[in-house]
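The residues making up each chain are set out below.
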Amino acid sequence: MSKFGLITKGIIKENPTFALVLGMCPTIATTTSAINGLGMGLATTFVLILSNMLIAAVAPVIPAKIKIPSYIVIIASLVTVLQFVMQAYVPDLYATLGIFIPLIVVNCIILGRAEAFACKHSVLDSAMDGIGIGLGFSLSLTVIGFVRELLGGLSIFGNRIAEGDGMLAFVLAPGGFLVLGYLMVLFRKVTKQ
């Protein structure tokens, strides 16, 4: 498969949110606004790309018995770096996303890609896979956050577009599930999955 094919596969065919239905906890919890969804998506993408590359590089020398714990140590180290960088440069976003940043360590998308792809492919292919899956996840979270913010707060990326009150239900978890469900149906209709 071409490098471009690896990227588009992660955005469309193997979209973590809409096609594979992975990472639902951060999807519902962090998408109360488009900027939060984008921030969580980019944070996950950062860890996904680097962990895929590191795991692809060291996988041949890791004994099978300690494969998963080794992957978790690599991912946890990258998440720690991410936390420090976010605290230093985007403290407001870090405060908003809160506990969901450290939980990237156990995000099934990242560990799943490490086990299903990165440990069996080259560093470059693993980086391309990480970019594709990360972009797919980021786009999904941003779109869900965009719809929830628009309907729930009458704003887009924090900019108010109309006077009045939005529908509070869309900012809460039930609205998140509703938006996710409708967007999943739309995604599958458009992509014919």
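Residues numbered from 1 in each chain as written. Predicted model: local features only at pLDDT ≥ 70, side-chain atom pairs only at ≥ 80, totals over all residues. Heavy atoms only, no water.

A few words now on a nonpolar patch on the surface. The grouping of F46, V81, V85, Y89 and V90 at the surface amounts to a nonpolar patch, some 460 Å² of accessible area in total. Top contributing element to the nonpolar patch by residue count: helix 4 (residues 67–89), with 3 residues. By secondary structure assignment, the location of V85 is in helix 4. (Patch = residues over 30% accessible without salt bridge, like charges linked within 9 Å, V, L, I, M, F, W, Y side chains within 5 Å. Areas by Shrake-Rupley, 256 points an atom, 1.4 Å probe, with all protein chains shown as cover. Salt bridge = Lys/Arg side-chain N within 4 Å of Asp/Glu carboxyl O. Helix = DSSP H or I, 4+ residues; strand = E, 2+ residues; numbered from the N terminus.)

On inspection of all chains with the given rule, the structure shows 4 salt bridges. We note a salt bridge from E14 to K9, for which the minimum N-O separation is 3.9 Å. K9 matches E14 in its accessibility class, with the two residues each being buried. Among the salt bridges present, the one from R113 reaches D129, with a minimum N-O distance of 2.7 Å. Within this pair, whereas R113 is found in helix 6 (residues 108–116), its partner D129 is found in helix 7 (residues 123–153), the two being separated by 16 residues in sequence. Among the residues examined, D129 registers a relative accessible area of 0% and is labelled buried. The network of salt bridges with common partners includes K9, E14, R113 and D129. (Buried < 20%, exposed > 50% of the residue type's maximum accessible area, 1.4 Å probe, protein only.)

Among the nonpolar cores identified, the biggest contains 27 residues, and M40, V47, L82, M86, I101 and I104 are the most heavily contacted of them. Looking at this core, the elements that each hand over two or more residues are helix 3 (34–58), helix 4, helix 5 (91–97), helix 6 and helix 7. If you tally residues by element for this core, the top one is helix 4, at 7 residues. When sequence neighbours within four positions are dropped, the list of residues in contact with M86 reads A43, P91, L93, Y94, L97 and I101. Grouped together as the second largest cluster of nonpolar side chains are 10 residues, F18, A19, I144 and F187 included. (Core = buried A, V, L, I, M, F, W, Y, C linked by side-chain atoms within 4.5 Å. Contact = heavy atoms within 4.5 Å.)

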